[in-house]
Amino acid sequence: MSPERFTSLLEAAREGSDAAWQELYNDLAPVVLGYLRANGAPDPEDTLSESFLQVARDIAKFEGDERGFRSWVFTIAHHRLIDARRHSARRPVELAAEPPEPPGRADDAADEALARIGVEQVQRILAMLSEDQRAVLLLRVVGDLSIEDVAKAVGKRPGAVKALQRRGLAAVRRALAQKGVTL
Amino acid sequence: MNEVALFQSALRTAVPSQPDPSLGTRLVPRLAEAARLATVEAETHAVRRRPRSRRALVARVGIAIALIPLVLAGLAFAGVTVPSPARSAFDKVGISLPNQPAATSQATPAGQGSSGKNDGGQTTTAKSEAGGKGNSAPAHQHALEQQAKAQGKAVGHTQGKGIGLHGSTPPGQAKEPGPPSQSNAGGNSATHTTTHTTPEHTTPTTPGNGNGNANGNGKGKGS
């Protein structure tokens, strides 16, 4: 999306245009929901609704481009995830029981990778990671956020985020090696 | 490293999940409404804040300016001599501050000595030269009060009533030498002649000369 297009979309969303919000929702809701579900949100869709309502309430104060908006939405979603975890009873992280539907926009390489590893395998590997490692990897890979944006979202320093990412990827590599997944 | 890239690619594909379509149908109108309300509230808040702060600033400045003359007037009532520019400003609007020195008294510094200082006959001379103006009337009144006190204390004494201030007319106004600052020392005349050390008082004054020193050694009635 061009910067001008995003600016006009944001302005329309501020003014309360249903079409603008529909477009923003269609663009971001799948990845945010995937992030919440993969992080073991107690009620992912409810947390998604809370996150988007918070975005709508605060959109008048937002300033930035599309990348900043994406980072801002993930930051809000991460905070709502923490709130949802606090409100729910303490229980071990359970990833989504139902396999997520692969979006239609995935390219062939991603499809091939998913076919080689498998959705269940991905979920199992994610479950092996620590909470912070999983959040950092998901924000980096799924949310497509920079190190600095991830640091802001999770409330850590960029150095700590880099260390979490490094250790998380090392754990992923070990898990894949154990399962014999190779190219 | 290739395994990690493969995993990341699989992660990008596996994790995103389409929410329930009914959720979007219900949520999008609420999002639009919430954004509209938030934007209107933010604009209203921004518009309302600016004039309020400016109005408050103007009100504060106005109150501060209005308080200045009140403070000066309060100081004047309390007996403080306010600066002459402030006095002249009050005079211009027709308000005369109380307890302020007269404008003419500033020109003759000798006249300022009429405030009860014990400067002896020089002050008396200056006052009489000035035509008995200044604080002679209050001083005279004070002297009368002191005399009344002294008379009360001197019950049974044969001396001390000759203070020379029996008249009700202030000496300065009666074209007589005004009462000196020590004229309120009625009562025992003997003590007065010994306590004053100014050159005028060291020489005993003749009885009944009525020069306004009124130190009690004048008209002793003796009865």
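This one's a predicted model, so the numbers in the text were calculated from it and none came from an experiment.

The rules behind these values
Residues numbered from 1 in each chain as written. Chains lettered and ligands numbered in written order. Predicted model: local features only at pLDDT ≥ 70, side-chain atom pairs only at ≥ 80, totals over all residues. Heavy atoms only, no water. Helix = DSSP H or I, 4+ residues; strand = E, 2+ residues; numbered from the N terminus. Buried < 20%, exposed > 50% of the residue type's maximum accessible area, 1.4 Å probe, protein only. Contact = heavy atoms within 4.5 Å. Areas by Shrake-Rupley, 256 points an atom, 1.4 Å probe, with all protein chains shown as cover. Expected span 1.5 Å × (residues − 1). Arc of directions from axis to C-beta. Core = buried A, V, L, I, M, F, W, Y, C linked by side-chain atoms within 4.5 Å. Phe/Tyr/Trp six-rings, centres within 6.5 Å; stacked < 30°, edge-to-face > 60°. Patch = residues over 30% accessible without salt bridge, like charges linked within 9 Å, V, L, I, M, F, W, Y side chains within 5 Å. Salt bridge = Lys/Arg side-chain N within 4 Å of Asp/Glu carboxyl O. Buried area = accessible area lost by both parts, 1.4 Å probe. Polar contact = N/O pair within 3.5 Å; in protein donor to acceptor, adjacent residues only side chain to side chain. Nonpolar A, V, L, I, M, F, W, Y, C, P; charged D, E, K, R; others polar. Axes fitted to C-alpha atoms, helices over the stretch in contact; angles between N-to-C directions. Parallel < 35°, antiparallel > 145°, perpendicular 65-115°, else oblique. Left-handed = near helix turned anticlockwise from the far one by under 90°.

A.B. asks: I'm lost on the overall build of chain B in this one. Help?
C.D. replies: The number of helices and strands found in chain B is 7 helices and 0 strands. Along chain B, helices and strands appear, N-terminal first, in the series α-α-α-α-α-α-α. Residue burial in chain B is summarised as follows: out of 223 residues, 33% are buried. In chain B, the proportion of contacts linking residues at least 24 apart, taken out of those at least 6 apart, comes to 47%. Counting only carbon and sulfur atoms, one obtains 59% of the accessible surface of chain B, whose full area is about 13,600 Å².

A.B. asks: Is there a simple way to explain helix 1 (residues 3–14) of chain A in this structure?
C.D. replies: It helps to recall that an α-helix has 3.6 residues per turn; residues three or four apart then point in one direction. All names here are of chain A. Over its 12 residues, helix 1 runs 16 Å from end to end, which matches the ideal 16 Å to within 8%, given 1.5 Å per residue. Restricting attention to buried positions, one finds in helix 1 the residues Phe6, Leu9, Leu10, Ala13 and Arg14. The arc that holds the buried residues of helix 1, viewed along the axis, is 140°, so those residues lie on one side. Exposed residues on helix 1 whose side chains face more than 90 degrees from its buried face are Glu4 and Thr7.

A.B. asks: In this structure, what is going on with the nonpolar core? I would like to understand it.
C.D. replies: Soluble globular proteins tend to pack their nonpolar side chains together in the buried interior. Judged by nonpolar contacts, the single largest core of 69 residues is most densely connected at Trp21, Val32, Leu48, Phe69 and Leu126 of chain A together with Leu11 of chain B. With 12 residues, helix 2 (residues 18–38) of chain A is the single largest residue contributor to this core. The next biggest cluster of nonpolar side chains, apart from the first, holds 7 residues, and it includes Leu72, Ala73, Ala76 and Leu97 of chain B.

A.B. asks: Sorry, what's going on with the side chain of His78 of chain A here?
C.D. replies: Residue and element names in this part refer to chain A. Here His78 shows up in helix 4 (residues 66–87). For His78, a relative accessible area of 8% puts it in the buried group. Other than its neighbours up to four places away in sequence, His78 contacts Tyr35, Ala135, Ala153 and Val154.

A.B. asks: Help me out: how do you make sense of the packing of aromatic side chains in this one?
C.D. replies: Between two aromatic rings, the relevant description is the distance of the centres plus the angle of the planes. All names here are of chain A. For the structure on display, the rule yields 6 aromatic pairs over all chains. When the ring of Tyr35 is compared with that of Phe74, the centres are 5.7 Å apart and the planes differ by 80°; the resulting orientation is edge-to-face. With Tyr35 in helix 2 and Phe74 in helix 4, the pair connects residues that are 39 residues apart, well separated along the chain. Each of the two residues, Tyr35 as well as Phe74, counts as buried.

A.B. asks: Would you explain a nonpolar patch on the surface in this entry?
C.D. replies: Residue and element names in this part refer to chain B. On the surface, a cluster of nonpolar side chains totalling about 530 Å² of accessible area is made up of Ile63, Leu67, Leu70, Val71, Leu75 and Val80. As for its placement among the helices and strands, Ile63 is situated in helix 2 (residues 21–77). Judged by relative accessible area, Ile63 falls into the exposed class, the value being 53%.

A.B. asks: Sorry, what's going on with the pattern of salt bridges here?
C.D. replies: Pairing of side chains with opposite charge becomes possible as their charged atoms draw close. All names here are of chain A. Under the definition given, this model contains 8 salt bridges over all chains. Here Glu23 and Arg5 are joined by a salt bridge, their closest N and O atoms 2.7 Å apart. Here Glu23, found in helix 2, pairs with Arg5, found in helix 1; they are 18 residues apart in sequence, far enough to count as distant. Using a relative accessible area of 28% as the deciding quantity, one classes Glu23 as partly exposed.

A.B. asks: Looking at this structure, how should I read the interface of chain B and chain A?
C.D. replies: Reports of interface size often rely on the accessible area that becomes lost once the parts have come together. Every contact between the two is made by 33 residues of chain B and, on the other side, 52 residues of chain A. Across the chain B to chain A interface the summed buried area is about 3,800 Å²; carbon plus sulfur atoms make up 74%. Its largest share of buried area at the contact with chain A, chain B owes to Leu6, Phe7 and Thr13 of chain B, together 17% of the area lost on that side. The tally of links from chain B across to chain A stands at 3 residue pairs in polar contact (both at pLDDT 80 or more). Take the side of chain B that touches chain A: its biggest share by element is 14 residues, from helix 2 of chain B. Here the side of chain B that touches chain A is composed, by residue class, of 20 nonpolar, 8 polar and 5 charged.

A.B. asks: How do you make sense of the packing of helix 2 of chain A against helix 3 (residues 44–58) of chain A when you look at a structure like this?
C.D. replies: Each pair of packed helices can be described by the angle between their axes along with the distance between the axes. Residue and element names in this part refer to chain A. At a minimum axis separation of 10 Å, helix 2 and helix 3 run at an interaxial angle of 135°. It follows that helix 2 is oblique to helix 3 by the angle criterion. The two elements helix 2 and helix 3 meet at a crossing, and its hand is right-handed. Residues Trp21, Leu24, Tyr25, Leu28, Ala29, Val32, Leu33, Leu36 and Arg37 of helix 2 touch helix 3, and the partners they reach there are Pro44, Glu45, Thr47, Leu48, Phe52, Val55 and Ala56. Tallied by class, residues from the contact of helix 2 with helix 3 come to 13 nonpolar, 1 polar and 2 charged.

A.B. asks: Just checking my understanding: could you explain unusual backbone geometry for this structure?
C.D. replies: For residues other than glycine, phi is negative in most cases, and the peptide bonds are mostly trans. With phi around 60°, Asp144 of chain A is a residue other than glycine that occupies positive phi space. Inspection of the secondary structure assignment puts Asp144 of chain A in the loop between helix 7 (131–141) and helix 8 (147–154). Relative accessible area serves as the criterion here: at 41%, Asp144 of chain A is assigned to the partly exposed category. In this structure, Asn99 of chain B is a non-glycine residue whose phi angle is positive, near 60°. Mapped onto the elements of the fold, Asn99 of chain B is located in the loop between helix 3 (84–92) and helix 4 (120–129).

By themselves these figures say nothing about function.
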